[in-house]
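Structural features, examined
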Amino acid sequence: MEDNRNQYRIIRMLTGGVTPALLAAALLGYALNRFGQLDPAAQAAGICRELIAGTTEGRQALFGSCWAAPLPVLFYLPFSWLLPEPLAGPAAFWLSWFFVFWSVRESVKSAGHYLFRIIMAQIAIAAVAVLALNQEVLQIDTALTVGLLLLCASSLSDWVACRRLRDVVSSAAACAFLALCGFSVLGVACISAVLLPIAAAGHRETRRRFQAWLLLGWLPLVYMLGVWMLLNRLILGDALFFLRSLRFLVSETRLFMPSLALPAAVMLPALALTWRLDSRAEKPGAGVVAASATLLSFALMLIVYSKVFAWFGISWADTALYACALSVMIVTVARLRQPLYRSCLSLVIIVWLSGTWFKRDEQTGDDDVRVKVIGEVETYVQARTPYGRVFALGYTGLDLLRGYEGSLMVPNLDLHIGSLRMDYKGQDLYVLIPNPEDRVRSESVFWKYPDIYDLGADRLLYAGTFGTWRLFQVVSAPTQEQLDEWRRLRN
């Protein structure tokens, strides 16, 4: 008995501490060597800068978009506060990937404490991240999404197999946090929460407690979404502000929303198998076969979700969904009770095939581009007025101004031209607008003013193009204070 305990402690230390730490460090070294100026939290760093400064823009950015989810920002915030930016990113990167590899251990250990199987699965996921050759795979938000989804899927499969209370609690908690990772996995989180009570309806003993499973499975997710909507209402004046971009991104919204529920059909065969096996068992629990079927269906559901987003032109969700699907496949293979050589061969095939799933991204960091754009805009505005103020719009503007120490340029998340004119009387105002491509299209300025990048808007006069950014001047009649100042300078 004592030997078994010592063996369990050694396996837990190796698979839950030593191996994740070493793999996360190796992945960090690879990322820095491969991409040079890798910034694993580009968007989160800009938001954290404003949150630490206590600005309204930081609070708006934290909850104002379903595509810039709050959980990665809250994860990065302590690093941004405690460490300077060159160190904060790598430190957060290491911890986020440590969490991924730890989640692999938690996902596989319920199938038996097999040291080599767990380590093989951890190495396989690290290999997928390396072979992807894509910076988005190495972002902190992708790592958090993968880790939480592994916990969600594995806990759901364990709930199917064993009917342990801890499995429904851990899966529900993972669903709730997964919903804060962005709209791309919000549907997956909702489907998982729905499956928790339904999966227990096959056995008469657990069927009687359906309302309890419903409460445990749905309450954390409903609470998280309720808090997100409440903060949107309090900070931005609209409870659904973070979802408004969907109407601009997708032309056929009435078709898009029902399509998000279609991937749930992939889970129906696994659910039917669970009910059939559960109804025949003396004790609640459908067993290992149903658990494996649930995991495989979960991975397939993620792939279907990526196709749904691609059909509607939201292609930037592919990378995270593919990384999650491959990770679930790897965990499924590691959990199967088959010879070790067969597991190794299966993992090698999955890793090898994963190289074709991701778009290659060999671009380095954009620090030089950001500095160049800021310098050119400052030179242009200062040559024309000593009273200038430039508003860099959206989350892209927050990223542009990360590390900026000047006073001329400030971020703006929710553009109201009339309010700017009232709040900054006597100043010459400019707005700096990013090119609406890919994820940038989800910025609130584009669903409020769809043609602003090409045609401007009321009271906006085109001033110039700086890289992919366009500068517009806010045109307004001079105030009496400005007229008096001009007369004084002329005399």
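**Here we look at the pattern of salt bridges**
Inspection of every chain in the model, using the stated rule, returns twelve salt bridges. For the salt bridge of E106 with K109, the shortest nitrogen-to-oxygen distance reads 3.1 Å. Taking relative accessible area as the criterion, K109 reaches 23% and is therefore assigned partly exposed. For R439, the salt bridge goes to E136, with nearest N and O atoms at 3.7 Å. You can see R439 sitting in the loop between β3 (428-433) and α21 (444-448) and its partner E136 sitting in the loop between α6 (115-131) and α7 (140-162), a full 303 residues away along the chain. If you follow the salt bridges from partner to partner, you end up with D158, R164, D167 and R335 in one network.

**Observations regarding the pairing of β3**
With six of six residues buried, β3 lies mostly within the body of the structure. Neither face of β3 is exposed, since D428, Y430 and L432 on one face and L429, V431 and I433 on the opposite face are all buried. Here five bridges tie strand β1 (residues 388-393) to β3, and the two strands are oriented parallel to one another. Within the sheet, the bridge partner assigned to G388 lies in β3 and is D428. Strand direction decides the pairing type here: β3 and strand β5 (residues 469-474), joined by four bridges, are antiparallel. Bridging across to β5, L432 finds its partner in L471.

**A few points about a positive patch on the surface**
Taken together, the side chains of R204, R207, R208 and R209 present a region of like positive charge at the surface. Mapping R204 onto the fold places it in helix α10 (residues 204-207). Using a relative accessible area of 56% as the deciding quantity, one classes R204 as exposed.

**Some points on the environment of A299**
By the element assignment, A299 lies in helix α15 (residues 288-311). In the structure, A299 is positioned 100 residues away from A199 in sequence and 18 Å away in space, judged by C-alpha atoms.

**Let's talk about empty space enclosed by the protein**
Per the stated rule, a full pass over the model turns up two cavities of 30 Å³ or more. Roughly 70 Å³ of internal volume is contained in the largest cavity. What lines the largest cavity is L156, V160, L195, A199, M267, A270, L271, T274 and T294. Of all the elements in the fold, those that place two or more residues in the lining of the largest cavity are α7, α9 (186-199) and α14 (268-280). The dominant element in the lining of the largest cavity, judged by the number of residues it contributes, is α14, at three residues. Its boundaries defined by the atoms lining it, the second largest cavity holds a volume of some 50 Å³. Every residue along the wall of the second largest cavity is listed here: W97, I125, V128, A129, V137, V146, A323 and S327. The greatest single-element share of the lining of the second largest cavity, amounting to three residues, is contributed by α6. In the lining of the second largest cavity, the residues fall into seven nonpolar, one polar and no charged.

**Digging into the domain arrangement of the chain**
Domains assigned within the chain are domain 1 (2-354) and domain 2 (366-490). Taking the mean C-alpha position of each, domain 1 and domain 2 sit 38 Å from one another. The interface is formed by 27 residues belonging to domain 1 together with 22 residues belonging to domain 2. Both sides of the domain 1 and domain 2 interface together cover about 2200 Å² of buried area, and 58% of this is carbon and sulfur. Three residues stand out in domain 1 for area buried against domain 2, namely R49, F248 and W316, and they jointly supply 27% of the buried area on that side. Counting every contact that joins domain 1 to domain 2 gives one salt bridge. Viewed at the interface, domain 2 and domain 1 are joined by seven residue pairs in polar contact (both at pLDDT 80 or more).

**Let's talk about a nonpolar patch on the surface**
A cluster of nonpolar side chains, namely I52, W81, L82, L83 and L87, defines an oily patch on the protein surface of about 550 Å² accessible area. With respect to the helices and strands, the residue W81 is situated in helix α4 (residues 70-82).

**Overview of the state of the cysteines**
Scanning the model with the defined rule gives zero disulfides in all. Among the cysteines around C66, which has no disulfide bond, C190 carries the closest sulfur, lying 12 Å off. Free of any disulfide, C181 has its nearest cysteine sulfur in C324, 8.6 Å distant.

**Re the packing of aromatic side chains**
What the rule picks out here adds up to 20 aromatic pairs. Relative to W447, the ring of F241 has its centre 5.3 Å away and its plane inclined at 65 degrees; by these criteria the two rings are edge-to-face. Note that F241 is positioned in the loop between α11 (210-236) and α12 (245-249) and W447 in helix α21, a separation of 206 residues in sequence. When its relative accessible area of 22% is taken as the criterion, W447 is described as partly exposed. Within the aromatic cluster, the residues linked to one another by ring pairs are W67, F183, F256, Y305, F309, F312 and W316. Positioned above the aromatic ring of W159, the side-chain terminus of R163 is 5.6 Å from the ring centre.

About the cut-offs
Throughout, residues of each chain are indexed from 1 in the direction in which the sequence is written. Whole-chain, interface and lining totals are the exception, using all residues; otherwise, since this is a predicted model, local features are given only for residues with pLDDT of at least 70 and side-chain atom pairs are given and counted only at 80 or more. Side-chain numbers here rest on the full set of heavy atoms in the structure, without hydrogens or water. We define a salt bridge as a contact between a side-chain nitrogen of Lys or Arg and a carboxyl oxygen of Asp or Glu at a distance within 4 Å. When accessible area is computed with a 1.4 Å probe and restricted to protein chains, residues below 20% of their type maximum are described as buried, those above 50% as exposed, and intermediate ones as partly exposed. Numbering of helices and strands starts at the N terminus; helices are DSSP runs of H or I of at least 4 residues and strands are runs of E of at least 2. Two strands pair if DSSP finds at least two bridges between them. Surface patches are drawn from residues lacking salt bridges whose relative accessible area is over 30%; two like charges belong together within 9 Å, two nonpolar side chains (Val, Leu, Ile, Met, Phe, Trp, Tyr) within 5 Å. Note that accessible areas follow from Shrake-Rupley with a 1.4 Å probe, and for residues the cover is restricted to the protein chains shown. In this charge count, Lys and Arg are treated as positive and Asp and Glu as negative; neither His nor the chain ends contribute. Note that the charge is assigned to NZ on lysines, CZ on arginines, CG on aspartates and CD on glutamates. Whether a set of points on the 1 Å grid over the protein atoms alone is a cavity depends on a 1.4 Å probe fitting there but being unable to get out, while an open set qualifies as a pocket with protein on both sides within 12 Å along at least five of seven lines; lining residues are those with an atom within 4 Å of a point. Grid points are joined across faces, edges and corners, and a volume is the space filled by probe spheres set on the points. Residue classes follow a fixed rule: Ala, Val, Leu, Ile, Met, Phe, Trp, Tyr, Cys and Pro count as nonpolar, while Asp, Glu, Lys and Arg count as charged, and any other residue, Gly among them, counts as polar. Each domain span listed reflects an automatic or database assignment of domains. Contacts were defined at the residue level, with two residues in contact if any of their heavy atoms lie within 4.5 Å. Here's the idea: put two parts together, see how much 1.4 Å probe accessible area each one loses, and the total over both is what we call buried area. The definition of a polar contact used here is a pair of N or O atoms within 3.5 Å, where within protein one atom must be able to donate a hydrogen and the other to accept one, and adjacent residues in sequence count solely through side-chain atom pairs. Any pair of cysteine sulfurs within 2.5 Å is marked as a disulfide. Centres within 6.5 Å make a pair out of two Phe, Tyr or Trp rings, where for Trp the six-membered ring is used; the pair is then stacked when the planes are under 30 degrees apart, edge-to-face when over 60, and tilted otherwise. Each ring is checked for a lysine NZ or an arginine CZ that lies within 6 Å of its centre and within 35 degrees of its normal; such an atom marks a charge sitting over the ring.

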